[in-house]
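Overview (structure and organization)
Next come the chains, spelled out residue by residue.
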Amino acid sequence: MVVIEDTPEIRKEEFGLLEEEVERLFSKLHSLGWSRSACESIAPFTYKINQLKKEKGFKILAHSYQTADIVFGIADIVGDSLALAKKATEIPEKRILFCGVDFMAESVKILNPDKLVLVPARGRDCTLADSITGEDVKKLKEENPGAPVVCYVNTNADVKAESDICCTSANARRIIESLEEDTIIFIPDENMGNNLADLTGKNIITWPGFCRTHHALTMKRLEGLIPDQETKTFAHLECRPEIIETVDFAGGTGDMHRYAAKASKGDKVLFLTEQGFIDRMKIEFPDVHFEDSKMICISMKRNDLFATWKALEKPTDDNIIELDEEVRKKAFRAVNNMLKY
Ligand code: 13P
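1. Side note on the state of the cysteines
All told, the structure shown has 0 disulfides when counted by the stated rule. Not engaged in a disulfide, the cysteine cysteine 39 finds its nearest cysteine sulfur in cysteine 99; these two sulfurs lie 18 Å apart. Sulfur of cysteine 239: no disulfide; nearest cysteine sulfur belongs to cysteine 211 and is 8.1 Å away. Exposure remark for cysteine 239: the relative accessible area of 0% places this residue in the buried category.

Written out as structure tokens, the structure reads:
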């Protein structure tokens, strides 16, 4: 809860600008049901954060699963995990505030050791990243000699350090298909591994890890989410195989964004992924009708405006992504390979 004495100080001469900020926020957020007074309550934060990031030379990168006040209020670059990793490497800024989960910010640090990478509120509780360690990967390699290791981006740096190539949902299929080996170790998302086996025909050795947000979508829940036959369904590859078999399309949030951008006025679409992404689509493409998925990733939602303001104003050790240099160097190869696809 935000207490009043913790609200950013706005000088009297800035109040006119604050009104402009309320209008800017309202013009974006009203389509999600935000009232003008709700925008008034966050305007001091977005205004101050935008001021601070410029003063201190930060770029704010946000994953599409972040809430709309972050995506439309303060982010400079919004995207899927692959796009954000690429952008973080391309931009000249040496300071990045990353609104997303730890392992995504770690990937940025692995690729850019000389950049300062901050995360407003660390959510060290991704069920996928938590399911496997670097030691587990070493054992898998011993048990399956010759099989390359493809690790999903939802892993900690020690796991990436033991892998040959990292991937996201955007390039996983391309990467698996490009490997000459028929047997591939894919960690740690079992659903995605099984989905990739179906899509590519390769023999995929999986690991029993799941994204709790996408795995919670059962066939029964799906039935309740599809309003009619005209609604096109598009599921994230982290969903269960029976969901992927049922829907019209499957892929990552980058693929979904491209689909939404091409949709026609009045089209009905159900994206089976985190609700934050659907909120982003509703604002960006108001002529398309997007059904709610009601799927929430609590690790992503830990970042909020208050934590972001505090992290920019005075970062604590907990905000700063630091990696063991040996592990970072070893992990670099897998993450850098990912950028080529
Ligand atoms: P994207 O790679 O589509 O951004 O997916 C992120 C995700 O679902 C993390 O669990």
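2. Digging into the pairing of strand S3 (residues 95-99)
Across the 5 residues that make up S3, a large majority, 4, are buried. Where strand S1 (residues 58-63) lies against S3, 5 bridges are found, and the strand directions are parallel. Its bridge partner being in S3, lysine 59 is matched across the sheet by isoleucine 96. Pairing of S3 with strand S4 (residues 116-118), which is carried by 3 bridges, proceeds in the parallel orientation. Note on S4: the bridge partner recorded for arginine 95 is leucine 116. The parallel pair S3 and S4, bridged by helix H5 (residues 102-111), forms a crossover whose chirality is right-handed.

3. Side note on unusual backbone geometry
In this structure, the amide linkage connecting isoleucine 187 to the following residue, proline 188, adopts the cis form with an omega of -10 degrees. Among the structural elements, proline 188 can be located in the loop between strand S7 (183-187) and helix H9 (190-200). A positive phi angle, close to 60 degrees, is found at lysine 294, a residue other than glycine. On the basis of relative accessible area, lysine 294 is assigned to the exposed category, the value being 59%.

4. Overview of the nonpolar core
Within the largest apolar cluster, 74 residues are counted, with the highest numbers of intra-cluster contacts made by Leu61, Phe98, Val150, Phe186, Ile187, Phe271 and Phe290. Setting aside chain neighbours within four positions, we find leucine 61 in contact with Ile77, Leu84, Ala88, Ile91, Ile96, Leu97, Phe98 and Cys99. Grouped together as the second largest cluster of nonpolar side chains are 30 residues, Ile49, Phe58, Ala68 and Leu312 included.

5. A closer look at the site of the ligand
What surrounds the ligand is the set His63, Tyr65, Asp80, Ser81, Asn154, Thr168, Ser169, His214, His236, Glu238, Gly252 and Thr253. Note that an oxygen atom of the ligand is positioned 2.9 Å from one of the side-chain N or O atoms of tyrosine 65. A distance of 3.0 Å separates an oxygen atom of the ligand from a polar atom in the side chain of serine 169. Protein contacts shield 96% of the accessible area of the ligand, which totals 300 Å² for the unbound molecule. Classifying every residue of the shell around the ligand gives 1 nonpolar, 9 polar and 2 charged.

6. A word on the environment of aspartate 114
Mapped onto the secondary structure, aspartate 114 falls in the loop between H5 and S4. Judged by its relative accessible area of 53%, aspartate 114 is exposed. As a C-alpha pair, aspartate 114 and lysine 202 span 88 residues in sequence and 38 Å in three-dimensional space. At 3.1 Å, the side chain of aspartate 114 and the side chain of lysine 94 are in polar contact.

7. Some details on the sheet that holds strand S2 (residues 77-79)
Taken in spatial order, the 4 strands of this open sheet run S2-S1-S3-S4, and their pairing is parallel. Since the sheet does not close on itself, it has two edges, and those belong to S2 and S4, each with one partner. The sheet shows a mean angle of 20 degrees between the axes of neighbouring strands, direction not considered. Pairing of S1 with S2, which is carried by 3 bridges, proceeds in the parallel orientation. Note that in S2 the partner of alanine 62 across the bridge is valine 78. With respect to the sheet, H5 is in contact with S1, S3 and S4, its orientation differing from that of S3 by roughly 160 degrees. Running at roughly 160 degrees to S3, helix H15 (residues 305-313) makes contact with S1, S3 and S4 of the sheet.

8. A closer look at the sheet that holds strand S8 (residues 203-205)
Reading across the sheet, the 4 strands line up as S6-S5-S7-S8 and stay open at both edges, with parallel pairing between neighbours. One side of each edge strand has no neighbouring strand; the edge strands of this open sheet are strand S6 (165-167) and S8. Put simply, the sheet's adjacent strands are angled 30 degrees from each other on average, direction ignored. Here S7 runs beside S8; their pairing, made up of 3 bridges, is parallel. In the strand pairing of S8, isoleucine 184 is matched with isoleucine 204.

Parameters and conventions
- Residues numbered from 1 in each chain as written.
- Predicted model: local features only at pLDDT ≥ 70, side-chain atom pairs only at ≥ 80, totals over all residues.
- Heavy atoms only, no water.
- Disulfide = S-S within 2.5 Å.
- Buried < 20%, exposed > 50% of the residue type's maximum accessible area, 1.4 Å probe, protein only.
- Helix = DSSP H or I, 4+ residues; strand = E, 2+ residues; numbered from the N terminus.
- Pairing = 2+ DSSP bridges.
- Right-handed = clockwise from strand over helix to strand, strands pointing away.
- Core = buried A, V, L, I, M, F, W, Y, C linked by side-chain atoms within 4.5 Å.
- Contact = heavy atoms within 4.5 Å.
- Near = heavy atom within 4 Å.
- Polar contact = N/O pair within 3.5 Å; in protein donor to acceptor, adjacent residues only side chain to side chain.
- Areas by Shrake-Rupley, 256 points an atom, 1.4 Å probe, with all protein chains shown as cover.
- Nonpolar A, V, L, I, M, F, W, Y, C, P; charged D, E, K, R; others polar.
- Axes fitted to C-alpha atoms, helices over the stretch in contact; angles between N-to-C directions.

Taken by themselves, the reported measurements are silent on function.
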